[in-house]
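Structural characterization, general
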Amino acid sequence: MPLKNQPGTAENRKLEGDPADRSGAAAAPALYTPEERERRDSSVWTLVQGVLAPVQFLVFLVSLALVVRYLGTGEGAFAADASIVVKTLTLYTIMITGSIWEKVVFGKWLFAPAFFWEDVFSMLVLALHTAYLVMLLAGWGTTGQRMAVALAGYAAYVVNAGQFLWKLRMARLQGAAMLESSPRLAVAQ
């Protein structure tokens, strides 16, 4: 069922004003329409993303330590390479499941308006990790050069993770603002 141009899709999203914004400045568009928020909250893929994101970050930290150790001492090249491969496979997993999540919530596999720039930057992260894998499997470059490509991928990953954390914060603030502005029933005491 196509979601394009139906009420509650990205093409029709508007935010009349952020109740938490007292300055009168124009509010940013809502990340989720009520229908998208409902799909997000009821999707198993939201839980999958919520589990994979911290797992990927943990893998990243371990791998970063191993890469820095190799670059600093010249020891542990195999462990550093293995950790980068694990990080890359974790990245592919979160990208595939994230694409499924985006399709479920927004009706698009990738580049939904609410997460367009995050997806664009994710492609850079994916390209750098894939370049590392190609170098490793084809035997191109030195170990140090491979590690430099991996570090570039890791730097892009940190920026991308920051983008997603910012969006998570915006979604929580907008959700709280929606709750604050929704009508409440009076309770007799």
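Quick look at the structure, then. This is a predicted model, so every value here is computed, not measured.

Of the regular secondary structure elements, the protein holds 5 helices and 0 strands. The order of helices and strands in the protein, counted from the N terminus, is α-α-α-α-α. Summarising the internal contacts of the protein: among those between residues at least 6 apart in sequence, 68% fall at separations of at least 24. On the protein, roughly 11200 Å² of surface is accessible, and the fraction owed to carbon and sulfur atoms is 69%.

Below, the discussion takes up a nonpolar patch on the surface. On the surface, Leu47, Val51 and Val55 cluster together into a nonpolar patch covering about 270 Å² of accessible area. Note that Leu47 resides in helix H2 (residues 44-73). For Leu47, a relative accessible area of 59% translates into the label exposed.

Time to look at the pattern of salt bridges. Counted according to the given criterion, the structure contains 4 salt bridges. Note that Arg146 is salt-bridged to Asp81, the shortest N-O span being 2.7 Å. Of this pair, Arg146 sits in helix H5 (residues 143-181) while Asp81 sits in helix H3 (residues 77-106), and the two are 65 residues apart along the sequence. Overall, the relative accessible area of 8% leaves Arg146 in the buried class. Asp81 gets classed as buried once you look at its relative accessible area, which sits at 10%. Measuring nitrogen to oxygen at the nearest pair gives 3.3 Å for the salt bridge that ties Lys167 to Glu118. Taken together, the residues Lys167 in helix H5 and Glu118 in helix H4 (residues 116-138) connect sequence positions 49 residues apart. This pair shows no difference in class: Lys167 is buried, exactly as Glu118 is.

Let us look at the packing of H2 against H3. One way to put it is that H2 packs onto H3 with a least axis distance of 9 Å and a crossing angle of 160 degrees. It follows that H2 is roughly antiparallel to H3 by the angle criterion. The crossing of H2 and H3 is left-handed. Across the contact of H2 with H3, the residue classes break down as 19 nonpolar, 9 polar and 1 charged.

Owing to its 3.6 residues per turn, the α-helix aligns residues three or four sequence positions apart on the same side. Over its 30 residues, H2 runs 44 Å from end to end, which matches the ideal 44 Å to within 8%, given 1.5 Å per residue. Three or more residues of H2 are buried, namely Gln49, Leu52, Gln56, Val59, Phe60, Ser63, Val67 and Tyr70. One side-chain oxygen of the residue at the start of H2 lies 3.0 Å from the amide nitrogen of Trp45, identifying that residue as Ser43. Backbone geometry just downstream of H2 places Gly74 in the positive-phi region, at approximately 80 degrees.

Here is what the cut-offs are and how they apply
- Residues numbered from 1 in each chain as written.
- Predicted model: local features only at pLDDT ≥ 70, side-chain atom pairs only at ≥ 80, totals over all residues.
- Heavy atoms only, no water.
- Helix = DSSP H or I, 4+ residues; strand = E, 2+ residues; numbered from the N terminus.
- Contact = heavy atoms within 4.5 Å.
- Areas by Shrake-Rupley, 256 points an atom, 1.4 Å probe, with all protein chains shown as cover.
- Patch = residues over 30% accessible without salt bridge, like charges linked within 9 Å, V, L, I, M, F, W, Y side chains within 5 Å.
- Salt bridge = Lys/Arg side-chain N within 4 Å of Asp/Glu carboxyl O.
- Buried < 20%, exposed > 50% of the residue type's maximum accessible area, 1.4 Å probe, protein only.
- Axes fitted to C-alpha atoms, helices over the stretch in contact; angles between N-to-C directions.
- Parallel < 35°, antiparallel > 145°, perpendicular 65-115°, else oblique.
- Left-handed = near helix turned anticlockwise from the far one by under 90°.
- Nonpolar A, V, L, I, M, F, W, Y, C, P; charged D, E, K, R; others polar.
- Expected span 1.5 Å × (residues − 1).
- Polar contact = N/O pair within 3.5 Å; in protein donor to acceptor, adjacent residues only side chain to side chain.

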